[in-house]
Amino acid sequence: CNSAVNLALDWDPSGKLRFAALQSKVGQNLLQAHGRDANDISSIVFVTPKGAYTKSDAILGITQELNPLPFLPLRPLAAAGQFMVPQILRDAVYDGVADNRYSIMGKRDECRFDADGEFDDRFVDDSIAEGQ
């Protein structure tokens, strides 16, 4: 299960972000709608009305939406990182973390259990892609 999604769920108390697996119909349709290959699941993708962002741009865009603690200014730090650190360097760091994510964040055999349905509305259902 994706530790980054679990972290985003915890750090997004207002529920701004929505999630879809890139392999799902919704994920593939979003990729295609933003000019990406529907089968390219090599990176996290952050989709906004302005476009689709991958790798470090996606992480920094998501980070700007999160508010884990009032005294932790993620938005200005992410914005500064996006403009002060060259993308090639940011993406190299992203690739290093992505390649070693299981040793960094651990690997779980099961996904987070949401018995009370608290996060049901955060995951986009494939029925949207099928027009249902």
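Each remark here, short or long, concerns the structure printed above.
Starting from 1, residues in each chain are numbered consecutively following that chain's sequence as written. Where local features are concerned, this predicted model is filtered to residues with pLDDT of at least 70; where side-chain atom pairs are given and counted, the filter is 80 or more; whole-chain, interface and lining totals use all residues. Values shown for side chains rest on all heavy atoms present in the structure; no hydrogens or waters enter the calculation.

Looking now at the layout of surface pockets. For cavity detection a 1 Å grid was placed over the protein atoms alone, and a set of points counts as a cavity when a 1.4 Å probe fits there but cannot get out; an open set counts as a pocket when protein lies on both sides within 12 Å along at least five of seven lines, with lining residues being those that have an atom within 4 Å of a point. Grid points are joined across faces, edges and corners, and a volume is the space filled by probe spheres set on the points. Approximately 180 Å³ is the volume attributed to the second largest pocket. As for the second largest pocket, its lining consists of F46, T48, K50, Y53, D57, G61, Q64, E65 and Q82. Taken together, the elements giving at least two residues each to the lining of the second largest pocket come down to β1 (45–48) and α3 (55–65). Each helix is a run of DSSP H or I of at least 4 residues and each strand a run of E of at least 2, with the numbering of both proceeding from the N terminus. Ranked by residues supplied to the lining of the second largest pocket, first place goes to α3 with four residues.

Next up on the list: the pairing of strand β2 (residues 51–54). Relative to β2, β1 runs antiparallel, the two being bridged by four bridges. Of the residues in β2, the one forming a bridge with V47 is A52. DSSP bridges decide pairing: two strands pair if at least two such bridges lie between them. What sits between the antiparallel neighbours β1 and β2 is a turn of two residues.

With that out of the way, let us pick up a negative patch on the surface. On the surface, D116, E118, D120 and D121 cluster together into a patch of negative charge. Residue position: D121 is located in the segment after α6 (101–105). To count toward a patch, a residue needs a relative accessible area over 30% and no salt bridge; like charges are then connected within 9 Å, while nonpolar side chains (Val, Leu, Ile, Met, Phe, Trp, Tyr) are connected within 5 Å. Each accessible area value is a Shrake-Rupley result obtained with a 1.4 Å probe; residue values ignore everything except the protein chains displayed when judging cover. Salt bridges are defined as contacts in which a side-chain nitrogen from Lys or Arg sits within 4 Å of a carboxyl oxygen from Asp or Glu. His residues and chain termini do not enter the charge count, which takes Lys and Arg as positive and Asp and Glu as negative. In this description, the location of a charge corresponds to atom NZ of lysine, CZ of arginine, CG of aspartate or CD of glutamate.

This next bit is on the nonpolar core. Residues V5, A8, L9, L17, F19, F46, A58, I62, L66, L74 and F119 constitute the largest nonpolar core, which totals 11 residues. Sorting the residues of this core by element identifies α1 (3–11) and α3 as the ones contributing at least two each. Looking at which element gives the most residues to this core, the answer is α1, with three residues. Joining through side-chain atoms within 4.5 Å is the link that ties buried Ala, Val, Leu, Ile, Met, Phe, Trp, Tyr and Cys residues into a set, and such a set is a nonpolar core. Relative accessible area decides the class of each residue, using a 1.4 Å probe on protein chains only: under 20% of the type maximum gives buried, over 50% gives exposed, and in between gives partly exposed.

Attention shifts here to the pattern of salt bridges. Under the definition given, this model contains five salt bridges. In this structure, D95 and K55 form a salt bridge, with 3.0 Å as the shortest nitrogen-oxygen distance. Separated by 40 residues along the polypeptide, D95 in helix α5 (residues 87–99) and K55 in helix α3 bring together distant segments of the chain. Under the relative-accessibility criterion, D95 is labelled partly exposed at 29%.

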